[in-house]
Amino acid sequence: MTVRIGFVMDPIQSIQVKKDSTLAMMLAAQRRGWSLWYLELGDLLLRDGEAIGWMRPIEVRDDPLSWYRLGEAVQRPLAWLEVLMMRKDPPFDIEYVYATYMLEWAKRAGCLVVNDPQSLRDANEKVFINAFPQCAPPTLITRRARDIQAFQAEQGAIVLKPLHGMGGTSVFRLLPGDPNLNVVIETLTDRGRAFCMAQRFIPEIEQGDKRILLVDGEAVPYCLARIPAAGETRGNLAAGARGEVRPLSARDLWIAEQVGPELRARGILFAGLDVIGDFLTEINITSPTCIRELDAACGLDIAGTLLDRIAGRLGCQAAPDPAADRLTPWRLIHAQDP
């Protein structure tokens, strides 16, 4: 069976070939003989109850000088695709929400949307950790300055961040007595008109913010620890952090086991957990990354495993990847002591 798979993503000409997880998915699908189709957010439309897209056939290469070739755009119902990967990066704004409404209609018409559009709306990447308080640090979501001030008085050093961003944008570490506390609160809450998140600062950030990938609820056995640059406390590659691949610890695996079943139940086939020290700080489901770094370091095929799970949902047999026999099987790694 030839599977038609679409990718809703940011402009492909702007991606970083060496690090882009969506490109890894495209390459894995192409190796299996699947038919690839490219869309951006503005290519989606809803007409008389039918979700439609202006989509272009695409060929991809693992070449930093020339990594894609696009065909002419055609207008097709989104349900003409067997699979649609929603890989648009945050910000998670109202336009993103509108797009999930359109993807919901595609799902109703029989297209498998990954990740599930309702879950993209319901499981906000910052807020969703509240479903797992046993895994998370003390966390507060509020608009009110006095709530944040009281939280800092209770916790000491804290981190403040917006609910809709990514890549460490507008993330602040505030120490007790910091003279900038009130102005940061005013900025992030828009003077009480917007919610933000406060978390207790976790000193183990110096050892890295670990990105743990889950495929259909199962953890990849290695993580990418993103170690902040000198003078930084943000463990984001976009903020200058360096990546270091590590096997999952017993605590990492326990956190993944707490979260995984709920992700699977919600139709979230691909997610990235952010873990600092022993604490879950975010659950990334919009466009989690780090596939390429882990594949390169550990001989894995994470995107291929994801496609196998997708093929299972479709009830078809995925064509084998010709490179698969060179890859280390996950089950063997799981048998090792973490």
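Caption draft 1: Representation of the overall build of the chain within the structure. Per the secondary structure count, the chain includes nine helices and 18 strands. Counting all 338 residues of the chain, 52% fall into the buried class. Considering only contacts in the chain between residues 6 or more positions apart, those separated by 24 or more positions represent 68%. Total accessible area on the chain is roughly 15,100 Å²; 49% of this is exposed by carbon and sulfur atoms.

Caption draft 2: Highlighting the packing of helix α4 (residues 145-155) against helix α5 (residues 181-189). The N-to-C vectors of α4 and α5 enclose an angle of 130 degrees; their axes lie 10 Å apart at closest approach. Of the possible angle classes, the one that applies to α4 and α5 is oblique. Considering only the axes of α4 and α5, their crossing is right-handed. Facing α4, whose interface residues are A145, I148, Q149 and Q152, α5 presents L181, N182, I185 and T189. Here the residues of the contact of α4 with α5 are counted per class, giving four nonpolar, four polar and no charged.

Caption draft 3: Inspection of unusual backbone geometry at higher detail. Here the amide bond leading from P90 into P91 is cis, since omega sits at 25 degrees, within 30 degrees of zero. With respect to the helices and strands, the residue P91 is situated in the loop between β7 (83-86) and α2 (94-108). N115 follows V114 through a cis peptide bond whose omega is 0 degrees. Mapped onto the elements of the fold, N115 is located in the loop between β8 (112-114) and α3 (117-122). Backbone geometry at R191 places phi at a positive 55 degrees, although glycine is not the residue there. Checked against the element boundaries, R191 lands in the loop between α5 and β12 (196-200).

Caption draft 4: Spotlight on the pattern of salt bridges. Taken as a whole and assessed by the stated rule, the structure comprises 25 salt bridges. Residue R32 pairs with D301 through a salt bridge whose shortest N-O separation is 3.8 Å. You can see R32 sitting in the loop between α1 (21-31) and β2 (35-39) and its partner D301 sitting in the loop between α7 (291-298) and α8 (302-314), a full 269 residues away along the chain. One exposure class covers both R32 and D301, and it is buried. Note that R309 and D216 form a salt bridge whose closest N and O atoms lie 3.5 Å from each other. You can see R309 sitting in helix α8 and its partner D216 sitting in the loop between β13 (209-215) and β14 (218-219), a full 93 residues away along the chain. Each of D216, E218, R264, R309 and R313 takes part in a single network of salt bridges with overlapping partners.

Caption draft 5: Structural view of a nonpolar patch on the surface. A cluster of nonpolar side chains, contributed by I94, Y98 and Y101, occupies part of the molecular surface with about 310 Å² of accessible area. With respect to the helices and strands, the residue Y101 is situated in helix α2. In this structure Y101 comes out as partly exposed when scored by relative accessible area, which is 40%.

Caption draft 6: Region of interest: α4. For α4, every residue scored as buried is listed here: I148, F151, Q152 and Q155. Along the long axis of α4, the arc covered by the buried residues comes to 100 degrees, so they all point the same way. Within α4, the exposed residues directed more than 90 degrees away from the buried face are R146, A153 and E154. After α4 finishes, the residue G156 shows a positive phi value of roughly 85 degrees.

Rules used throughout
- Residues numbered from 1 in each chain as written.
- Predicted model: local features only at pLDDT ≥ 70, side-chain atom pairs only at ≥ 80, totals over all residues.
- Heavy atoms only, no water.
- Helix = DSSP H or I, 4+ residues; strand = E, 2+ residues; numbered from the N terminus.
- Buried < 20%, exposed > 50% of the residue type's maximum accessible area, 1.4 Å probe, protein only.
- Contact = heavy atoms within 4.5 Å.
- Areas by Shrake-Rupley, 256 points an atom, 1.4 Å probe, with all protein chains shown as cover.
- Axes fitted to C-alpha atoms, helices over the stretch in contact; angles between N-to-C directions.
- Parallel < 35°, antiparallel > 145°, perpendicular 65-115°, else oblique.
- Left-handed = near helix turned anticlockwise from the far one by under 90°.
- Nonpolar A, V, L, I, M, F, W, Y, C, P; charged D, E, K, R; others polar.
- Salt bridge = Lys/Arg side-chain N within 4 Å of Asp/Glu carboxyl O.
- Patch = residues over 30% accessible without salt bridge, like charges linked within 9 Å, V, L, I, M, F, W, Y side chains within 5 Å.
- Arc of directions from axis to C-beta.

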